[in-house]
Amino acid sequence: MAEGFIHPPSNGGNQNSLEDIGNDYFLSLLSRSFFQDVQRNTLGDIVSFKMHDLVHDLALSVIGSHEVSIMKTSEIKNDASQIRRLRLIMEGKPQEEEFDVLKNATRLRTILFQGEGFVSPSALSNKRLRVIHEMKTMYIDRSMRTISSTLKFKHMRYIDLSWSNLEDVHAVSINQLYNLQTLNLYGSENVQNILKGIGSLVNLRHLDLSSSDATVLPDSVTTLTSLKLTDFCFDNCARLKALPRDFGALTQLRSLELVGTKIAELPESLTSSICKLERVCLWGNCKFPGDIKNWVDKEEEEEEEEDVSNIQELEDLQSLQSLWIINLENVRGGKIEAEKAKLKGKQNIRKLSLEWKKNFRAEEEWTTNNSFMALEGLQPHPNLEKLFIEGFPGLKLPKWMGSSSCLPNLVKLKFKDCKSCTKLVGLGQLPCLQILEIKRMNSVKCLGKEFYYQQQEEEEVEEEESKGSATPATTTRTLFPSLTTLLIRKLENLEEWSAPQQHDISFPCLEKVKIKECRKLTSIPDLRLWTSSLTELIIWNCKKMKRGNPLDIHFDLRCLKECKDMWSSSHCNFIY
């Protein structure tokens, strides 16, 4: 967008935003393997991807020699007149005279700089400059850089002023960047110098104030109608105490995160009909507006009053996409109260996290039964893809959790700190489950028959097999048909992981198995009978694994060569 490569259709038929059009371009290239290994955030937006080195070489071979240049400040050539995009590696603290050689770079459009600091080139010479961006590296020792230059680039679309001391910056010159679309002030100081005139940046679409010293958002920010709050960030703005009263007038508002601020109350304008808010993340004691029915995704971490449940507030939020409910120990009405959230009818939910307080003591029988009934009533819609259960104090899990009809699209399932639960029921029946994580479930002693089958389904199959025949027919089922990753950790009382019935097909897609800190575990099934796709096997700190077991590679290194020989055909990497 900043380079001007993305345009709406000339016929005006497509009303999609520039971001949507650019995303379509990207997905088209992704489908052709130009890009790969995409990672997304909780909203489904792409945050990182890779390019194969051969594709990268191909791309470089078809562009001009001056389209992209990489050089250190000490290597900048005198003739830079043809350079369009420059990756500049700073060596030490920059000096203004080092940039004199860029005065003739009249075609320069993008500067990506990497190092301790940056001095802006001449606005008179580099009139076409559109992008100034810092290429950040991990674990860098952050220190404030001083921006003292005048930034009079009338074509500037994207500027990165993160980790800058803006005390001496010529704020008026920034507020006159009328074509600016992205302004990054992450971690910067004295940002109020810029914010007080930010209303003039009428084309601004993305503003990042995270971890800055911003204290007040001026009312003029509500006039920036192109601003998309998916990229309007002010996390960890520790001095920010309030939002403008008309903040809800930002019609492109999609995501609101107020982590680490001092904002105590949200403005009522956020509940207006023109506000299209999709995601809210509040950590702390921020007060909600009176009416939140227009919000379509509410992700919060609040301290609720003891013995009070407001779960019914979720009833009318039919467009929820990601939901995290904590302090479920406050749902005292069991299944009846939990069903008031109407999760089963919320077909847009893709990710659901259900959490009981970690230090919650479930010693009474009534408490454990009530928790089970509450979880029973929180059955989600079949469209759910990710489910996380943490701190559940019940003795058993509801049947819907292992039902192929209730969770036909579930891809990831995670249990954590469910210390009273004794059995994992019928998980082998979930057709799309790819990732299963089980952590700190101290009451589970065996992963056996119930791990693979629902009891009722198993009884029905056995009854059907025995009808009309002295020798019942064998019914072949595929268990965990899509599972690729299995993680079992700190199941302190787990003694055995037993194999399913021999005639069943089990774990055909399994690639990674990690079993850690299960100190009483004595045996696991022979994975060779199940899959040829296993690439990684980790068995760590399982002290009672029987010596001589070909899979017990951590405690009997003499078996290592034998293990590698047996698994050589599957190219399995052993971690020991």
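Predicted, not measured: the structure shown is a model, and the values here were computed from it. (Residues numbered from 1 in each chain as written. Predicted model: local features only at pLDDT ≥ 70, side-chain atom pairs only at ≥ 80, totals over all residues. Heavy atoms only, no water.)

1. What to know about the pairing of strand 17 (residues 351-355)
So the rule is basically this: Summary of the burial criterion: residues with accessible area below 20% of their type's maximum are buried, those above 50% are exposed, and those between are partly exposed, where the area comes from a 1.4 Å probe applied to protein chains only. Each helix is a run of H or I in the DSSP string that is no shorter than four residues. Each strand is a run of E no shorter than two, and both are numbered from the N terminus. In this description, strands pair whenever DSSP reports at least two bridges between them.
Counting buried residues along strand 17, four of its five residues qualify, which places the element largely inside the surrounding structure. Relative to strand 18 (residues 386-390), strand 17 runs parallel, the two sharing five bridges. Bridge assignment links Leu352 to a residue of strand 18, and that residue is Leu387.

2. Quick look at the side chain of Asn184
Filter applied, for reference: Residue contacts follow a heavy-atom distance rule, with two residues in contact if any of their heavy atoms lie within 4.5 Å.
Relative to the assigned elements, Asn184 resides in strand 10 (residues 182-184). In contact with Asn184, not counting residues within four places along its chain, are Lys136, Ile159, Asp160, Leu161, Ser162 and Asp208.

3. A word on the side chain of Asn442
Counting through the fold element by element, Asn442 comes out in the loop between strand 20 (435-439) and strand 21 (446-447). Those residues in contact with Asn442 that sit more than four places away from it in its chain are Lys419, Lys490, Glu492 and Asn493.

4. Describing the environment of Gly391
Within the secondary structure, Gly391 is located in the loop between strand 18 and strand 19 (412-416). By relative accessible area, Gly391 is classed as buried at 12%. Each C-alpha atom, one on Gly391 and one on Asn327, is 9.6 Å from the other, the two residues being 64 residues apart in sequence. Setting aside chain neighbours within four positions, we find Gly391 in contact with Trp356, Lys416, Asp417 and Cys418.

5. Remarks on the nonpolar core
Where we set the bar: For the purposes of this section, nonpolar cores are sets of buried Ala, Val, Leu, Ile, Met, Phe, Trp, Tyr and Cys residues that join through side-chain atoms within 4.5 Å.
Counting residues in each nonpolar core, the largest one holds 68 residues, and the members touching the most others are Leu387, Ile389, Phe415, Leu436, Phe451, Phe480 and Trp497. At three residues, helix 6 (residues 365-377) tops the list of elements feeding residues into this core. Aside from chain neighbours lying at most four places away, what touches Ile389 is Leu354, Trp356, Leu375, Met401, Lys414, Phe415, Lys416 and Cys418. With 48 residues, the next largest nonpolar core counts Met71, Ala80, Phe234 and Ile263 among its residues.

6. Things to note about the state of the cysteines
Threshold: The rule for a disulfide is simple: a pair of cysteine sulfur atoms within 2.5 Å.
Under the defined criterion, the tally for this structure stands at zero disulfides. Between Cys421, a free cysteine, and Cys418, which holds the nearest cysteine sulfur, the sulfur-to-sulfur gap is 6.4 Å.

7. Topic: a nonpolar patch on the surface
This is how it is decided: Nonpolar side chains (Val, Leu, Ile, Met, Phe, Trp, Tyr) are joined into patches within 5 Å and like charges within 9 Å, using only residues with over 30% relative accessible area and no salt bridge. Values of accessible area rely on a 1.4 Å probe in the Shrake-Rupley scheme; residue burial ignores everything except the protein chains shown. The term salt bridge refers to a side-chain nitrogen of Lys or Arg lying within 4 Å of a carboxyl oxygen of Asp or Glu.
A grouping of Leu58, Leu60, Val62, Ile63, Val68 and Ile70 is seen on the molecular surface, where their side chains present a nonpolar patch of about 550 Å² in accessible area. Of all elements in the fold, only helix 2 (53-62) and strand 3 (68-72) reach the threshold of two or more residues within the nonpolar patch. Broken down by element, the residue count for the nonpolar patch peaks at three residues, all from helix 2. Assignment of secondary structure puts Val68 in strand 3.

8. Points about the confidence of the model for the protein chain
Low-confidence regions, as indicated by low pLDDT, have predicted coordinates that should not be scrutinised in detail. Condition: By definition, pLDDT measures how confident the predictor is in each residue, and it falls between 0 and 100.
Here the protein chain averages 77 in pLDDT, while 73% of its residues score no lower than 70. A low-confidence stretch, residues 297-308 (pLDDT under 50), is modelled with 44 contacts involving residues beyond four sequence positions or located in other chains. A low-confidence stretch, residues 547-576 (pLDDT under 50), is modelled with 60 contacts involving residues beyond four sequence positions or located in other chains.

9. Thoughts on the pairing of strand 5 (residues 110-114)
As paired elements, strand 4 (residues 85-89) and strand 5 share five bridges and run parallel to each other. Its bridge partner lying in strand 5, Arg85 is registered against Thr110. Pairing geometry for strand 5 and strand 6 (residues 131-134), over four bridges, is parallel. Looking at the pairing, Phe113 lines up with Glu134 of strand 6.

10. A few points about the environment of Pro382
Mapped onto the fold, Pro382 is located in the loop between helix 6 and strand 18. Under the relative-accessibility criterion, Pro382 is labelled partly exposed at 27%. Taking the C-alpha atoms as reference points, Pro382 and Arg350, separated by 32 residues in sequence, lie 9.5 Å from one another. Every residue in contact with Pro382, bar those within four places of it in the chain, is listed here: Ser405, Cys406, Pro408 and Asn409.

11. Let's talk about helix 1 (residues 18-31)
The criterion, for reference: Helix span, expected: 1.5 Å multiplied by one less than the number of residues in the helix. Summarising the geometry, the arc corresponds to the directions from the helix axis toward the C-beta atoms.
Given a rise of 1.5 Å per residue, 14 residues ought to cover 20 Å, and the 20 Å separating the end C-alpha atoms of helix 1 matches this to within 8%. All of the buried residues along helix 1 are Glu19, Ile21, Gly22 and Phe26. Each buried residue of helix 1 lies within a common arc of 165° when the element is viewed along its axis, so the set occupies one face. Each element contacted by the buried residues of helix 1 is listed here: strand 1 (36-40), strand 2 (46-50) and strand 11 (206-208). Ser33, located one to two residues past helix 1, shows a positive phi value of around 65°.

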